[in-house]
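Residues per chain, in single letters:
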Amino acid sequence: MDADLILIFGFILTIASLGMLTGIVIHRSQIRADERKLELQAQVEQAKADQARFGNGDYSKMEERVRVLERIATDSNHALAAQIDELRALDAVEDKRETAS
């Protein structure tokens, strides 16, 4: 009888440990799914905030670029060449500062 009790007890322990392992695996996958869901919700909120910001007329950078393009199209070639040379000189100075840092 003692051998039968040991066999039954071993079987019950095996089933219980398999059940616990299955529960752990399911719980971990559920946690990962919840984390992914939160990340996606954060991305959706960020996209909505960006859309609302641009919907409210935050086009200042784009307007500035359009103004520069309009000036380029309407200015004389001599003034344009001088401005381009000035910008190149500024870029060269900034590059030297960044490499020196």
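As the structure is a prediction and not an experimental result, all values here were calculated from the model.

For the protein, the helix and strand inventory stands at 3 helices and 0 strands. Secondary structure elements in the protein, listed N-terminal to C-terminal, are α-α-α. Here the protein, with 101 residues, has 1% of them falling under the buried criterion.

With that out of the way, let us pick up the confidence of the model for the protein. Confidence along the protein averages 84 in pLDDT terms, with 89% of residues attaining 70 or more. The element-level mean pLDDT for the protein is lowest in helix α3 (residues 77-100), coming to 74, with helix α1 (residues 2-55) highest at 92.

What follows deals with a nonpolar patch on the surface. A surface patch of nonpolar side chains, amounting to about 700 Å² of accessible area, comprises I8, F11, I12, I15, L18, L21 and I24. Note on placement: I24 falls in helix α1. Among the residues examined, I24 registers a relative accessible area of 40% and is labelled partly exposed.

Two side chains of opposite charge can pair, provided their charged atoms sit close to one another. Counted by the stated rule, this structure contains 1 salt bridge. Between E39 and R36 there is a salt bridge, with its nearest N and O atoms 3.6 Å apart. Here the residue E39 and the residue R36 both occupy positions in helix α1, the gap between them amounting to 3 residues, near one helical turn.

The rules behind the values
- Residues numbered from 1 in each chain as written.
- Predicted model: local features only at pLDDT ≥ 70, side-chain atom pairs only at ≥ 80, totals over all residues.
- Heavy atoms only, no water.
- Helix = DSSP H or I, 4+ residues; strand = E, 2+ residues; numbered from the N terminus.
- Buried < 20%, exposed > 50% of the residue type's maximum accessible area, 1.4 Å probe, protein only.
- pLDDT = per-residue confidence, 0-100.
- Patch = residues over 30% accessible without salt bridge, like charges linked within 9 Å, V, L, I, M, F, W, Y side chains within 5 Å.
- Areas by Shrake-Rupley, 256 points an atom, 1.4 Å probe, with all protein chains shown as cover.
- Salt bridge = Lys/Arg side-chain N within 4 Å of Asp/Glu carboxyl O.

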